[in-house]
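Geometric and topological summary
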2 protein chains.
Amino acid sequence: MSLLRSWLETANDPDGPFPMNNLPLGVFSAGGAPRCCTAIGDQVLDLGGMERAGYLRPMGLDAPALNDFMAKGPETWANLRATLFGYLAEGSSAAGMLTPFMHPLDAVRLHLPFRVAEYTDFYAGRHHAENVGTLFRGSENALPPNWLHMPIGYNGRSSTVIVSGTDVHRPQGQTKAPDADLPTFGPCQRLDMELELGAVIGSPSTMGTRVSVAEADAMIFGYVLLNDWSARDIQAWEYQPLGPFQSKAFATTISPWVVTKAALEPFRRLAPQRDIPLLPYLEEPGPMFYDITLSAALQPEGADAATTICQTNARELYYSAAQQLAHHTASGCAMRTGDLLGSGTISGADTGSHGSLLELTWGGENPLTLENDGTRTFLEDGDRVTLHGHAQGDGYRIGFGECTGRILPARTTP
Amino acid sequence: MSLLRSWLETANDPDGPFPMNNLPLGVFSAGGAPRCCTAIGDQVLDLGGMERAGYLRPMGLDAPALNDFMAKGPETWANLRATLFGYLAEGSSAAGMLTPFMHPLDAVRLHLPFRVAEYTDFYAGRHHAENVGTLFRGSENALPPNWLHMPIGYNGRSSTVIVSGTDVHRPQGQTKAPDADLPTFGPCQRLDMELELGAVIGSPSTMGTRVSVAEADAMIFGYVLLNDWSARDIQAWEYQPLGPFQSKAFATTISPWVVTKAALEPFRRLAPQRDIPLLPYLEEPGPMFYDITLSAALQPEGADAATTICQTNARELYYSAAQQLAHHTASGCAMRTGDLLGSGTISGADTGSHGSLLELTWGGENPLTLENDGTRTFLEDGDRVTLHGHAQGDGYRIGFGECTGRILPARTTP
């Protein structure tokens, strides 16, 4: 696959995030009501407006969230993509018709792209699981006994999934220092980020029925960047025996663009080597992983520049989103349009490829040096964390846009 | 408080679940579209129809779920209760006007009473936590170190919260016998129930802001009976380190009636004795627990009668729903109308008061004898589990109706 050329010249930039090959979906507003859109070059294309005007057949795009469209299923997803290719391709006569529906990307507001039905966070990166396991439980018990047999996950909180650009208040909570007799309550002192990829479920499944990995793959509509903000001190005290709760419930930031599975097809890769064969219900029928370059940057308040603190790749995952989803339905759990599955932190083997400050600073023992000469163990008030991601094609890129958030001080008066 | 007498004679039965003191809310259908209702005596009163006909001011009741009504807040809740008292009280002249909106309870279908926004399951019963801790981790580590300091909870799955009467397929999953080298996949062999009370959140909270216990209490709309079906073999293998996932995700059954907080006011009780004082953010400003008699019964397929397997009381809880909710917001987690908080299993100190088969049979070691001479360790296909609950007033009862579900065989073909 090479660049699909458009009559919109900014869509043909080989380093630009939004060529015609991409066509990610999101929700924007520009004065009026929020509605569905795509990004092309440096423009937002108002798909809701086009549907209302009759330039797209009715498919749920004239709405403030992608859910109705996603619920229509793979045929409708493919139909929209083909229709947009026809309108946007170099040589198309639709330029005059489309131009009134275009708005400069930097002049619109981007909203949460879909109503998050439920949010599940997995733990599917092996380096991350080994690193965190070592830090929380010691190297003897780093990788839990079940980890190589199934994608471990827990239910997260969907009410606090927010779109890139939304500020996040430092959480408060109960913590206990290892040498203290009693816990105390106050602002988190070990505030962290986690670089993840999120899978967005388009097609639902039925309660009482599990789906295969192939069926699960077909249910996935697309992917977002995801920052699973984490309060490590709260987590360490609360997570035994029922898992993370308030340490993760205060905020999860996602990118405003859902990059469709269709756009990522050329970047599918085979699974990593398995130490132990998986049970048949988790076997991949084909390449289910993606070659997506990912990075995280940290910029303190007032700093001129952000420091890249992590560079990694989605291929570091041990379980694909399709495997996560198949496992999620194993018991008969019903999945719904708008469910969001976080991959878990995507860390590589090297320190510079670790997707969380917990790992990058090894539990706060080795502070990071920032480009403006400051250092960090965990996040301070005013810090901004930005995730980037893209798949590199032959002369084009599939970009996710950015997933950014800034830490505000805790609201300490109830 | 004594019985509030109604002109509807069946509402004055001192042993009946639905006197005028109760007025629980639910959703019914009788041929037409589902809409909100209350139960009074042996009748359902069609509140949606009354609102449409102008006998109630518009308050969101002509809808297939209680969410719109609950979102209107405590003043509206109180207004409806006062209006219904006026209509239903002995001596009221409204009998002729109301009768067309009444349907015999045994002739209608009851639906899930509200759209469950998110479901959180706590672990707030001390006997249960000690029993399960002993069985899963040994008596040395029975009560986790954090347990006496905060209500431990985990996010559950709202897509599989179902109304009483809905059958439940036996879940499948990954399990590993203690002496096995590798896990296997198949139907759950240790299927259990858990007797819980569920709190239904009426008023939302804002992301980034925590609420006090008093504010949390004001946000609660009412309570349901809740059976947190649990696959113990799947749970034992999956729950470390991120908590229960597929072992709980396949089904959670709730009673069709939400008993309002207002109806339960006379049954508030003070907290149990605390071994360790709670941090200020969890201190109760008044009586936050309820004296509610609870029981569970098991009836095998084809058996003439159900066997009562557990008798307990909601006073056995160590943390109230208001404390659970205040803790849930401690990090700034936003709560929404329709959030459901399970209490955790409510076990008393004696064997006959344990709220799960895991405890009742001590991990399957001591089978229960049923009234038809059969025995049970865990649930078999065809078994029906029914929860009952009521608060006993002076000459009246506040009943919850029943919370029942039957186990169907696993769907083993994917």
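What counts, and at which threshold
- Residues numbered from 1 in each chain as written.
- Chains lettered and ligands numbered in written order.
- Predicted model: local features only at pLDDT ≥ 70, side-chain atom pairs only at ≥ 80, totals over all residues.
- Heavy atoms only, no water.
- Contact = heavy atoms within 4.5 Å.
- Buried area = accessible area lost by both parts, 1.4 Å probe.
- Salt bridge = Lys/Arg side-chain N within 4 Å of Asp/Glu carboxyl O.
- Polar contact = N/O pair within 3.5 Å; in protein donor to acceptor, adjacent residues only side chain to side chain.
- Helix = DSSP H or I, 4+ residues; strand = E, 2+ residues; numbered from the N terminus.
- Nonpolar A, V, L, I, M, F, W, Y, C, P; charged D, E, K, R; others polar.
- Pairing = 2+ DSSP bridges.
- Axes fitted to C-alpha atoms, helices over the stretch in contact; angles between N-to-C directions.
- UniProt positions renumbered as here; feature names shortened; annotations may be inferred.
- Buried < 20%, exposed > 50% of the residue type's maximum accessible area, 1.4 Å probe, protein only.
- Least-squares fit on C-alpha atoms with pLDDT ≥ 70 in both.
- Expected span 1.5 Å × (residues − 1).
- Arc of directions from axis to C-beta.
- Lys, Arg positive; Asp, Glu negative; His and termini not counted.
- Phe/Tyr/Trp six-rings, centres within 6.5 Å; stacked < 30°, edge-to-face > 60°.
- Lys NZ or Arg CZ within 6 Å of the ring centre and 35° of its normal.

**A word on the interface of chain A and chain B**
Listed per partner, the contact involves 61 residues of chain A and 61 residues of chain B. The largest share of the area that chain A buries against chain B comes from R157(A), L242(A) and F245(A), three residues that together contribute 14% of it. Summed over the shared surface of chain A and chain B, the number is 4 salt bridges. The shortest N-O distance in the salt bridge between R157(A) and D339(B) comes to 2.5 Å. Our count for the contact surface shared by chain A and chain B stands at 31 residue pairs in polar contact (both at pLDDT 80 or more). Elements that contribute at least two residues to the side of chain A that touches chain B include exactly β6 (119-122), β7 (153-155), β10 (172-175), β11 (184-187), α7 (232-238), α8 (246-249) and α10 (321-328) of chain A. Residues belonging to the side of chain A that touches chain B are distributed by class as follows: 31 nonpolar, 22 polar and 8 charged.

**A look at the sheet that holds strand β3 (residues 43-46) of chain A**
Residues and elements named next belong to chain A. Taken in spatial order, the 5 strands line up as β4-β3-β2-β1-β5 in an open sheet, and their pairing is antiparallel. The sheet terminates laterally at β4 (102-104) and β5 (109-111), the two strands that pair on one side only. Ignoring strand direction, the axes of neighbouring strands in this sheet form an average angle of 45°. In this structure, strand β1 (residues 25-29) lies alongside β5, joined through 3 bridges in antiparallel fashion. From the neighbouring strand, F28 faces β5, where its bridge partner is L110.

**Remarks on the UniProt feature "binding site: Ca(2+)" (unreviewed entry) in chain A**
Residue and element names in this part refer to chain A. In this structure's numbering, the residues bearing the UniProt feature "binding site: Ca(2+)" (unreviewed entry) are D121, E194, E196 and D228. Spanning 108 residues, the named residues nonetheless gather at one spot, since no C-alpha pair among them exceeds 11.1 Å. We classify D121 as buried; its relative accessible area is 2%. Setting aside its immediate chain neighbours within four residues, D121 contacts G153, Y154, G156, E194, E196, D228, G342, S343 and G344. There is a polar contact of 3.5 Å between the side chain of D121 and the side chain of Y119. Examined against the element boundaries, D228 turns out to sit in the loop between β14 (220-227) and β15 (230-231).

**Things to note about the pattern of salt bridges**
Opposite charge on two side chains permits pairing when their charged atoms draw close. All names here are of chain A. For the coordinates displayed, the defined rule picks out 44 salt bridges over all chains. Taking the shortest distance from any N to any O, the salt bridge between E118 and R336 comes out at 2.8 Å. Of the two residues, E118 sits in the loop between β5 and β6 while R336 sits in the loop between α10 and β22 (340-342), which places them 218 residues apart along the sequence. Residue class for E118 comes out buried when judged on its relative accessible area of 5%. Close ionic contact of D291 with R269 constitutes a salt bridge, the shortest N to O distance being 3.7 Å.

**Some points on the relation of the copies chain A and chain B**
Overlay of chain A on chain B (RMSD 0.0 Å): rotation 180°, translation along the axis 0.0 Å. One copy is carried onto the other by what is essentially a two-fold rotation axis. In terms of C-alpha distance to the rotation axis, chain A has G243(A) as its closest residue, with the C-alpha 2.1 Å off the axis. The share of interface residues of chain A whose copies in chain B are also at the interface is 100%, consistent with both copies meeting through the same surface.

**A word on helix α3 (residues 74-88) of chain B**
All names here are of chain B. The end-to-end C-alpha distance of α3, which contains 15 residues, comes to 21 Å, matching closely the 21 Å that a straight helix rising 1.5 Å per residue would cover. Residues of α3 that are buried: T76, W77, L80, R81, L84, Y87 and L88. Here the buried residues of α3 occupy an arc of 140° about the axis, which is enough to place them on one side.

**Brief notes about the side chain of E238(A)**
When you line up the elements, E238(A) lands in helix α7. For the buried residue E238(A), which engages in no salt bridge, the nearest side chain bearing the opposite charge is K248(A), 8.7 Å off. For E238(A), the side chain forms a polar contact with the main-chain nitrogen of F245(A), separated by 2.6 Å. Leave out the neighbours within four places in its chain, and E238(A) touches G243(A), P244(A), F245(A), Q246(A), S247(A), N146(B), M150(B) and I152(B).

**Digging into the packing of aromatic side chains**
On inspection of all chains with the given rule, the structure shows 24 aromatic pairs over all chains. Aromatic rings pair up to connect F69(A), W77(A) and F221(A) into one cluster. For the cation-ring pair, R274(B) lies above Y319(B), with the distance from its terminal atom to the ring centre recorded as 5.7 Å.

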